Structure formats: C-alpha cells, structure tokens
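Working through the structure, step by step
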Amino acid sequence: YHMKVNACDVINVLICGKSHHHPRYLEFRFSPREIPYGETVCFVVKMYEDLNLINAFRIKKDLLVRFLLLVQKAYRDPPYHNWTHAFSTAHFSYLCIKNFDLLEKNYLTDLEALALITSCLCHDIDHRGTTNSFQIQSNSLLASLYSSEGSVMEHHHLSQTLCILNTTDCNFIESLEQSDYVKCLDLIRDLILATDLATHFDLLPKQQEMAERGIDLESDKDKSLFLSLLMTASDLSDQTKECGVVRSVAELIYTEFFTQGDMEKNMGRKPMEMMDREKASIADSQVDFLEHVCVPVFTVLANLFPGASVLLETMEANTEYWEVSKQVFGKYALEGKTSLEVLT
Ligand SMILES: COc1ccc(Cl)c(-c2nnc3c(C)nc4ccc(C(=O)NCC(C)C)cc4n23)c1
Ligand SMILES: [Mg+2]
Ligand SMILES: [Zn+2]
C-alpha cells in the first residue's frame, strides 16, 4: 500500500549531477540540514557509491533509488522526526565511516556499513511526533500492535522498512548472497530497535566498559555494541553542530513536545514538565539532555576515536550557550513570554 514512485522521479535522481565532493560535506561541523530536500536522495546515492557499497554488493541503482524515494515518502512531516532528521542521521554515520576510516581499519565490514547507513535512513519512518509512552497512554493502534514487545515506535519503523523492501522493484539488497542477506536484515532489525533511548541506557554501561578495555573486533557482542553506539550518536548528531543548528533543532523538538503535551492535557492527562508549554524550561532541559544523554555517548566515541573529541568540545560550547541563554529566558519569562517564543 506504499505510495508508488514513478520512473521520472527515479531518473531525476540517477542523472542528478550534484557533485557531493563538496569539501565541507565531509567535515563534522557541516550540517546536512543545509542540503535542499530535493537533492538529499541524490546525496544518499553518492554516499552508498562513495563507500563502495554499490560495487561490493552489486546493487542495482534503480532499485536503490526507488527504495530511497519510498523511504523518503514514508516519513510524515512532524517538526523534527521527518526525512531531514533521517538524512542527517545517515550523514553523520557516513562522516564517522570516512573520518575514522572504519572500513579500512576493519572496525566495520562492508555489510555492517550497508546496514548502518540504511538503518539510519529508516530508523524513524512514519514517526508521528509522539513518544512511546504517548502511544501506550493513548491506546494507539501501534501500541495495540507492539506494546507487548516494548519500543513501540521502533518496531513500527522496522516493520515499515521491511514493507518497503518487500515492495516491487525496491529490494535493492536482493543481489546479496543468501547469508549476507539474512545478516543484513538482522543488523537492520537490531540497529533500528537500538534507537529507543530506553534500550540505549541499558547498553551504555557495556559500551563504556568496552571503550575502556578497547574494542575486540573479533567479538560479535563488541561489534553489536559499537554499531548501536554509532546509531545513537548519529540520532543525536544535531547536538555536535554549532549553536545556531542546536537552537533551531530545539525549536523543532519542543514544537513536537508541546503539541504532545497539549494532546495529553486534552486527554485529561498531566504531561511531563518538558512537554508542558506552561512549565517547560527549554534551556534547563537542554543542559540536562546534553549532560546526561549526549555527552556520555560522545565520551565513549571519543575514547574509541580521538578524532571525536572535537564533537565533545562543541557540545561543551553548546551547553554554555544554553547556560547563558537561561539569563535571557529568565528576563523574558518575567515579561510573560513562553520559552518557545524566546527561541523564535
Ligand atoms: C535517540 O533517541 C531519541 C528519541 C527521541 C528524541 Cl526527541 C531524541 C532527541 N533528539 N534530540 C533531542 C533533544 C535536542 N532534546 C531532547 C530532550 C529530551 C528527550 C527525551 O526523550 N527525554 C526523555 C528522557 C527519558 C531521556 C529527547 C531529546 N532529543 C532522541
Ligand atoms: Mg526514534
Ligand atoms: Zn531519530
């Protein structure tokens, strides 16, 4: 039942000449959010090509393009959890592979890189801009389908991904050896399910322990912990960009959060403080999120790859940005502005 993709769309992407060898495109400080929506699928194809995945797995480009266009269409348009977020998530994984030489240094196999990029692109498909607990509290269809498994939204993102792969002329991994094909689907499943923050909190201590003793590339467990770390780091990668990006992303996230808070109030429920537009303090909760969620992830990454320490420095600067803006919010709050108004 997925929307059809017409031949013209596919050809437009195949002929798009945009050279992605834009030097800034390979820098951690470059924000993929700058790339126009209409050019993103073309950039994704260039990423698969640049990582030699097309050759390594004899991928038919027209199948890949049809798959990518359907994935792009399968995203709704909430303020934050849309295709642009998926594209920027995949771009960060691509930056890690390129800047940390993950393929040349055998941290990742070709198959793992293929599954990682594809999982980033698909990890939030059909997101409605509401949380797992909202699905359960509102007795949504997705909760009835998946609440017994936990990670309600992530199971839905995975099932939508598999549906698209099973759509005519979209199964771009059909050319993989049978064992690679099965392994690729297993990896996509594990990686999309790993993007549930609750799962991440379970894995983090094991990832910290792994980074301290050094990753064992022969250990499947270590490789799985490493791939999950890359997924979460990529999912949070907006926080590694300069404060202008961080501020505009916060505006998108809190627009989503406050909409959910309004819906919860209309359902007679009390929203979390960070989702209540009357009570939330964006600066405080962003300092909290950076310190307790983002910094620990990128600290593990920097333990594994010294080149990632610049990302931590940017996060410290962004924490400082929110600390300073507390004074500003404080002043406006006295004038009765809500925290979102101050951001805009
Ligand atoms: C990696 O998976 C996810 C899933 C969903 C979201 Cl929205 C995010 C995410 N991506 N960027 C942000 C920013 C800038 N601020 C956030 C503030 C709070 C929370 C949140 O979920 N707090 C609940 C607490 C139990 C951790 C998430 C935030 N977030 C990441
Ligand atoms: Mg998600
Ligand atoms: Zn996400």
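Residues numbered from 1 in each chain as written. Chains lettered and ligands numbered in written order. Predicted model: local features only at pLDDT ≥ 70, side-chain atom pairs only at ≥ 80, totals over all residues. Heavy atoms only, no water.

Taken together, the residues surrounding ligand 1 are His81, Thr195, Leu197, Asp235, Leu236, Gln239, Ile253, Phe257, Met274, Gln286 and Phe289. In isolation ligand 1 exposes 630 Å². Once the protein is present, 77% of that is buried. Among the elements of the structure, helix H13 (243–266) and helix H14 (282–304) are those that each provide at least two residues to the shell around ligand 1. Taken together, the residues of the shell around ligand 1 break down into six nonpolar, four polar and one charged. (Near = heavy atom within 4 Å. Areas by Shrake-Rupley, 256 points an atom, 1.4 Å probe, with all protein chains shown as cover. Helix = DSSP H or I, 4+ residues; strand = E, 2+ residues; numbered from the N terminus. Nonpolar A, V, L, I, M, F, W, Y, C, P; charged D, E, K, R; others polar.)

With that settled, the discussion passes to the state of the cysteines. Per the stated rule, a full pass over the model turns up one disulfide. The residue that forms a disulfide with Cys16 is Cys42, at a sulfur-sulfur distance of 1.6 Å. Of the two residues, Cys16 sits in the loop between helix H1 (7–15) and helix H2 (37–50) while Cys42 sits in helix H2, which places them 26 residues apart along the sequence. Its sulfur unpaired, Cys8 is 13 Å from the next cysteine sulfur, which belongs to Cys16. Left unpaired, Cys120 is separated from the closest cysteine sulfur, that of Cys96, by 9.1 Å. (Disulfide = S-S within 2.5 Å.)

Bringing the packing of aromatic side chains into the picture now. A complete count under the given rule lists 16 aromatic pairs for this structure. Between the aromatic rings of Phe67 and Phe172, the centroid separation amounts to 4.7 Å while the plane-to-plane angle is 45 degrees, which identifies the pairing as tilted. Of this pair, Phe67 sits in helix H4 (residues 61–74) while Phe172 sits in the loop between helix H9 (152–165) and helix H10 (178–193), and the two are 105 residues apart along the sequence. By the burial criterion, Phe67 is buried, and Phe172 matches it. Residues Phe100 and Phe305 carry aromatic rings whose centres are separated by 4.7 Å and whose planes lie at 0 degrees to one another, so their mutual orientation is stacked. On the criterion of sequence distance, the pair formed by Phe100 in the loop between helix H5 (83–99) and helix H6 (110–122) and Phe305 in the loop between H14 and helix H15 (309–334) is long-range, its members being 205 residues apart. Classification of Phe100 as buried rests on a relative accessible area of 6%. Judged by relative accessible area, which is 6%, Phe305 ranks as buried. Chaining the aromatic ring pairs together yields one cluster made of Phe28, Phe92, Phe100, Tyr107, Phe226, Phe298 and Phe305. (Phe/Tyr/Trp six-rings, centres within 6.5 Å; stacked < 30°, edge-to-face > 60°. Buried < 20%, exposed > 50% of the residue type's maximum accessible area, 1.4 Å probe, protein only.)

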